Amino acid sequence: MQLLDLTGILELRVNSPSVRLYPVAPPMISDDILAATAMTPGANSPSTPSICLLRGPLDDFVRYSRQEASKWLIDLAHDICDPADHRGSLLVWKEPRQQWRPVATTDPLTASIYRYDLPVGIMVGLSKISQRVGKSITTATGNASTMADRVKGRDGQCWVTAIDDPIVNSHIFPKRMGDHVGRIVFRTFTSLPLPQISQSTTKFLACVVEDARYMNNYECHMFSIEPANMEYTIFGRFRRPTAHPAIHGHHTSPPQPQLNNVPPPGLFRWHYLQCVLKRFVHDDYKNLENINFSELPLRMEGDSDDDGTDSEAEWPSLALDLGRVVENSLEEREERHQAVATWISKTM
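Residues numbered from 1 in each chain as written. Predicted model: local features only at pLDDT ≥ 70, side-chain atom pairs only at ≥ 80, totals over all residues. Heavy atoms only, no water.

As for the overall build of the protein chain
Stage number 1. A count of helical and extended segments in the protein chain gives eight helices and 10 strands.
Stage number 2. In the protein chain, which comprises 348 residues, the proportion classed as buried is 47%.
Stage number 3. Long-range contacts, defined here as pairs at least 24 residues apart, represent 75% of the contacts in the protein chain between residues at least 6 apart.
Stage number 4. When the accessible surface of the protein chain is split by element, carbon and sulfur atoms take 54% of a total near 17400 Å². (Helix = DSSP H or I, 4+ residues; strand = E, 2+ residues; numbered from the N terminus. Buried < 20%, exposed > 50% of the residue type's maximum accessible area, 1.4 Å probe, protein only. Contact = heavy atoms within 4.5 Å. Areas by Shrake-Rupley, 256 points an atom, 1.4 Å probe, with all protein chains shown as cover.)

Shown next as structure tokens:
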């Protein structure tokens, strides 16, 4: 049995003629039309023959692909290049024959150049990159506490550890990107009908302990670099050896999967993609024109990495956030009224 060489480099690329660049985003995305403008690629392609998307030591890629082998890289390539339709296929360059060969889902990853190949005539915009992934939480005070209470009421406990206290609510999709862009990401990565949801709805939030916010759909991955004598567990970082289960590879599921306001797996796919990009993204991809998500130019309650308090004076988006909460409450009340009316009509 031939041992796998883990010392080489793995690259994922895409041909530039298949890629279209995004236009400059409006300075303030205040409605769905402006969001669609910012998220729709234009007519220009990058000037280089190809774009390196991901690059890193094979050993690191194997660590995150775990038992999925090449299926893991195929899924990521889809999510980067064509998350809604998956029209491309993954090829790998074989040196002895000097040719591109198709990749099967069960193939082991190798230190090679991989290429996401799109059909002739299909042009795509690459998934945009979030520069704030993992930084926004919903605070336990202020108007954001309304949403915190709803999420804790829905889940009742941490998704990962099953602990019921203390826990925090984590934004799967960073709040500063705004509701309008958020709805486009929701539609693209979940393939569900576009609802009139905002980030004040519980579909954008998961209830987790603060040290366990690095989740794939139902498997946790840890992207922080562990010190040699330390290990990240589901309960935090501990010195080795530890009896606590490691966070990396830990399987989890929603505490209340039967509810219809649980975040769909596609949103975790998007969040996981951003974590992978933070670890492996190449400069070719990172430096493309307008590839980063635009952000609301206001400080939001729940920005855990900002200094200061959540007082009205230091929280200029208070009215915007409060309006979202009120709008969401009205939408939920209208849905309840419609459900009652439908039930009455069926029983008459």
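Some details on the pairing of strand β1 (residues 9-15)
Stage number 1. For β1, a buried count of five out of seven residues is recorded, marking the element as mostly surrounded by other parts of the structure.
Stage number 2. Examined bridge by bridge, β1 and strand β2 (residues 50-57) share seven bridges and lie antiparallel to one another. Bridging across to β2, Leu12 finds its partner in Leu54.
Stage number 3. Summarising the sheet, β1 and strand β5 (residues 113-117) pair through four bridges and their orientation is parallel. Pairing of Arg13 across the sheet is with Arg115, part of β5. (Pairing = 2+ DSSP bridges.)

Some points on the packing of aromatic side chains
Stage number 1. For the structure on display, the rule yields six aromatic pairs.
Stage number 2. Between Tyr64 and Phe280, the ring centres sit 6.0 Å apart and the planes meet at 80°, which makes this aromatic pair edge-to-face. Residue Tyr64 is found in helix α2 (residues 58-65), and its partner Phe280 is found in helix α6 (residues 265-280); the two are separated by 216 residues along the sequence. Comparing Tyr64 with Phe280 shows no difference in burial state: the two are buried.
Stage number 3. Taken together through their ring pairs, the aromatic side chains of Phe61, Tyr64, Trp72 and Phe280 make up a single cluster.
Stage number 4. In this arrangement the basic side chain of Arg63 is found over the ring face of Tyr64, its NZ or CZ atom lying 5.5 Å from the centre. (Phe/Tyr/Trp six-rings, centres within 6.5 Å; stacked < 30°, edge-to-face > 60°. Lys NZ or Arg CZ within 6 Å of the ring centre and 35° of its normal.)

Topic: the packing of α2 against α6
Stage number 1. Between α2 and α6, whose axes approach to 12 Å, the crossing angle comes to 165°. One finds that α2 runs roughly antiparallel with respect to α6. Helix-helix and strand crossings are classified by hand; for α2 and α6 the assignment is right-handed. Between α2 and α6, the residues in contact are Asp60, Phe61 and Tyr64 and Tyr272, Arg279 and Phe280, respectively.
Stage number 2. Classifying every residue of the contact of α2 with α6 gives four nonpolar, no polar and two charged. (Axes fitted to C-alpha atoms, helices over the stretch in contact; angles between N-to-C directions. Parallel < 35°, antiparallel > 145°, perpendicular 65-115°, else oblique. Left-handed = near helix turned anticlockwise from the far one by under 90°. Nonpolar A, V, L, I, M, F, W, Y, C, P; charged D, E, K, R; others polar.)

A look at the environment of Ile225
Stage number 1. By secondary structure assignment, the location of Ile225 is in the loop between β8 (205-208) and β9 (230-233).
Stage number 2. Residues Ile225 and Arg279, spaced 54 residues apart in sequence, show a C-alpha to C-alpha distance of 10.0 Å.
Stage number 3. Beyond its immediate sequence surroundings of up to four residues, Ile225 is in contact with Tyr232 and Arg279.

Describing the confidence of the model for the protein chain
Stage number 1. Averaged over all residues, the pLDDT of the protein chain is 78; the fraction at 70 or higher stands at 71%.
Stage number 2. Within the model, pLDDT remains below 50 along residues 304-322, and this stretch shows 37 contacts once partners closer than five positions in the same chain are excluded. (pLDDT = per-residue confidence, 0-100.)

Concerning the sheet that holds β2
Stage number 1. Pairing is mixed in the open sheet, where five strands are placed in the order β2-β1-β5-β3-β4. Of all the strands in the sheet, the pair left with one neighbour each is β2 and β4 (99-102). If you compare each strand with its neighbour and ignore which way they point, the axes differ by 30° on average.
Stage number 2. As paired strands, strand β3 (residues 89-94) and β4 are joined by four bridges and run antiparallel to one another. The residue of β4 that forms the bridge with Lys94 is Gln99.
Stage number 3. α2 rests against β1 and β2 of the sheet, and its axis sits at about 85° to β2.

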